[in-house]
Structure formats: structure tokens, C-alpha cells
Amino acid sequence: ITLLALVATGNAYAQMAKLAGKITNEKNEPLSGVTIQVAQGAAATSGVDGTYLLQLTPGKKYELTFSEVGYATKVVADVEVVAGQTNELNITLAI
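Parameters at a glance
- Residues numbered from 1 in each chain as written.
- Predicted model: local features only at pLDDT ≥ 70, side-chain atom pairs only at ≥ 80, totals over all residues.
- Heavy atoms only, no water.
- Helix = DSSP H or I, 4+ residues; strand = E, 2+ residues; numbered from the N terminus.
- Pairing = 2+ DSSP bridges.
- Axes fitted to C-alpha atoms, helices over the stretch in contact; angles between N-to-C directions.
- Core = buried A, V, L, I, M, F, W, Y, C linked by side-chain atoms within 4.5 Å.
- Buried < 20%, exposed > 50% of the residue type's maximum accessible area, 1.4 Å probe, protein only.
- Contact = heavy atoms within 4.5 Å.
- Phe/Tyr/Trp six-rings, centres within 6.5 Å; stacked < 30°, edge-to-face > 60°.

## Overview of the environment of T92
Looking at the element boundaries, T92 is found in strand 8 (residues 91–93). For the pair T92 and K22, spaced 70 residues apart in sequence, the C-alpha separation works out to 8.4 Å.

## Remarks on the sheet that holds strand 5 (residues 62–67)
One open sheet accounts for four strands, arranged 3-2-5-6; its pairing is antiparallel. Only two strands of the sheet have a single partner each, and these edge strands are strand 3 (43–45) and strand 6 (74–79). Strand after strand, the sheet turns through a mean of 15° between neighbouring axes, direction not considered. With four bridges connecting them, strand 2 (residues 35–38) and strand 5 associate as antiparallel partners. Residue pairing in the sheet places Q37 in a bridge with T65 of strand 5.

## Let's talk about the nonpolar core
When a protein is soluble and globular, its nonpolar side chains tend to lie buried together. Grouped together as the largest cluster of nonpolar side chains are 20 residues, with contacts concentrated most on L19, I23, Y52, L54, L64, F66 and L89. Of all elements in the fold, only strand 1 (17–25), strand 2, strand 4 (51–56), strand 5, strand 6 and strand 8 reach the threshold of two or more residues within this core. The contacts of L89, once residues within four sequence positions are left out, are L19, A20, G21, K22, Y52, L64, F66, V76 and V79.

## Observations concerning the side chain of T24
Looking at where T24 falls in the secondary structure, it is placed in strand 1. Setting aside chain neighbours within four positions, we find T24 in contact with E29, P30, L31, I91, T92 and L93.

## Let's talk about unusual backbone geometry
The phi torsion at N28 lies on the positive side, around 65°, for a residue other than glycine. Turning to its location among the elements, N28 is positioned in the loop between strand 1 and strand 2. Assessed through its relative accessible area of 61%, N28 is described here as exposed.

## Thoughts on the packing of aromatic side chains
The relation between two aromatic rings is expressed through the spacing of the ring centres and the mutual angle of the planes. Going through the model one piece at a time under the given rule, you end up with one aromatic pair. With centroids separated by 5.8 Å and ring planes inclined at 70°, the aromatic side chains of Y52 and F66 adopt a geometry described as edge-to-face. In this pair, Y52 sits in strand 4 while F66 sits in strand 5, placing the two residues 14 residues apart along the sequence. Per residue, the accessibility class of Y52 equals that of F66, and both read buried.

Pasting the structure below:
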């Protein structure tokens, strides 16, 4: 029974796809602390180097909102991810 639970958990994790990228300002400087909100519930925050990573389910379209105090919020619709690879989405936020 334990082995079956581990296999089921492994299969669910294997079906996820990575979405990663870097968030910069208009001067190409990395922005840390940017909130990345997925309309369907997941969220992340960019690190000190401006990078972020989300685990999403392939086969769906996502709407992502990037927000940071002092910058205009940016919404990116119809984001899709492909399983088995790291999908990249880099963002530039304007003041």
C-alpha cells in the first residue's frame, strides 16, 4: 500500500511542468520581491536575482499577474507550459 501511494505521488509530480524566468526593470536590473500570482491559485515571489519558479499543470492556460510596489502591474494571459522541460517567461516591469 505504501509503494502504491509513492507511485501515485510520483506520477502526479511528473505531470507538472516548470515555468521559470527573470523579472527586470526597464534598465534591465533584476527585481526582487515581485509577487507572481496565478489566477488559478498558485503564487511565487522573485528572488534577489529577479528569478522565479512555478510548478504548473500542462494542458491548461494560465493568467499570471506580476506586481511590485512602485511598478505598474503586468498581466500575462494565455500562458501554457509543456511537460518535460523548463518553460521560460521573462518579464520587464515599468514604473
